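# Architecture at a glance
Next come the chains, spelled out residue by residue.
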Amino acid sequence: MEIKREDISGPLVTAIGPEGFRVADRRVPGGLILHPDNAFDWEPPMVADLAIDNLGKALDLQPEPEFLLLGTGNSLIHPPATLRRALEMLNIGLEVMDSRAAVRTWGLMRAEERWISAAIFPLHFAKA
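As the structure is a prediction and not an experimental result, all values here were calculated from the model. The numbers attached to residues start from 1 for each chain and follow its sequence in the written order. Two thresholds apply to this predicted model, a pLDDT of at least 70 for residue-level local features and 80 or more for giving and counting side-chain atom pairs, whereas whole-chain, interface and lining totals are computed over all residues. Excluding hydrogens and water, the side-chain figures rest on all heavy atoms present in the structure.

### Description of the sheet that holds strand β8 (residues 117-120)
Note the threshold: Being paired, for any two strands, means DSSP has found at least two bridges between them. The numbering of helices and of strands both runs from the N terminus, where a helix is a DSSP run of H or I of at least 4 residues and a strand a run of E of at least 2. Note on geometry: axes are C-alpha line fits, over the in-contact stretch for helices, and angles between N-to-C directions span 0 to 180 degrees. By the convention used here, residues are in contact when the closest approach between their heavy atoms is within 4.5 Å.
The five strands lie next to each other as β5-β4-β8-β6-β7, forming an open sheet whose pairing is mixed. Strand pairing shows two members of the sheet lacking a second neighbour, β5 (39-42) and β7 (93-97), which therefore form its edges. Averaged over all adjacent pairs, the angle separating strand axes in this sheet is 20°, with direction ignored. Sheet analysis places strand β4 (residues 31-34) next to β5, joined by four bridges and oriented antiparallel. Within β5, the residue paired with L34 across the bridge is A39. Packed on one face of the sheet, helix α3 (residues 99-111) meets β4, β6 (67-71), β7 and β8 and runs near 145° to β6.

What follows is the structure in structure tokens.
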């Protein structure tokens, strides 16, 4: 499926690499939180230490997001089970993947106008 730039609602990540992300005309060197209508810089903890308190802006949507896309850096790293349980208590799903896949999935899901959020670790953050 071809996605046209004008068809996507919300912030679009146009580049991802070792130097960070490009969102519209802005360079983001660290982590990234994406909302359907905004993008925020994010200073994530280690993936193993990730807790719901670290996701503030990612979950600050009304209504709550259907699910959170979690991009864990250069490779897929499973977050603590306590994070998944905390999100389940809020009726928010969790989809975990490497950050490149998370950026691609974000674009596809927003093109479908899905009400989601994303927390994406920079590529160089591939640490458990």
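Once you've had a look at it, read on.
### Here we look at unusual backbone geometry
Definition in use: When a residue's accessible area, from a 1.4 Å probe over protein chains only, is under 20% of the maximum for its type it is buried; when over 50% it is exposed; and in between it is partly exposed.
Geometrically, the link from Q62 to P63 is a cis peptide bond, its omega value of -5° lying close to zero. With a phi angle near 55°, A24 is a residue other than glycine that sits in the positive phi range. Of note, A24 is situated in the loop between β2 (20-23) and β3 (26-28). Among the residues examined, A24 registers a relative accessible area of 46% and is labelled partly exposed. Of note, the phi angle at N91 is positive, near 60°, even though the residue is not glycine. Residue position: N91 is located in the loop between α2 (81-89) and β7.

### Side note on the pairing of β4
The alternating pattern of β4 places G31 and I33 and L32 and L34 on opposite faces, both of which are buried. What sits between the antiparallel neighbours β4 and β5 is a turn of four residues. Bridge count for β4 against β8 is three bridges, and the pairing is antiparallel. By the bridge assignment for β8, L34 is matched with A118.

### A look at the sheet that holds strand β1 (residues 13-17)
Overall, antiparallel pairing links the three strands, which are arranged β1-β2-β3 in an open sheet. Whereas interior strands pair on both sides, the edge strands pair on one side only; in this sheet they are β1 and β3. For this sheet, the mean inter-axis angle between neighbouring strands, taken without regard to orientation, is 20°. Where β2 and β3 come together, three bridges link them in antiparallel fashion. Bridging from a neighbouring strand, F21 pairs with V28 of β3.

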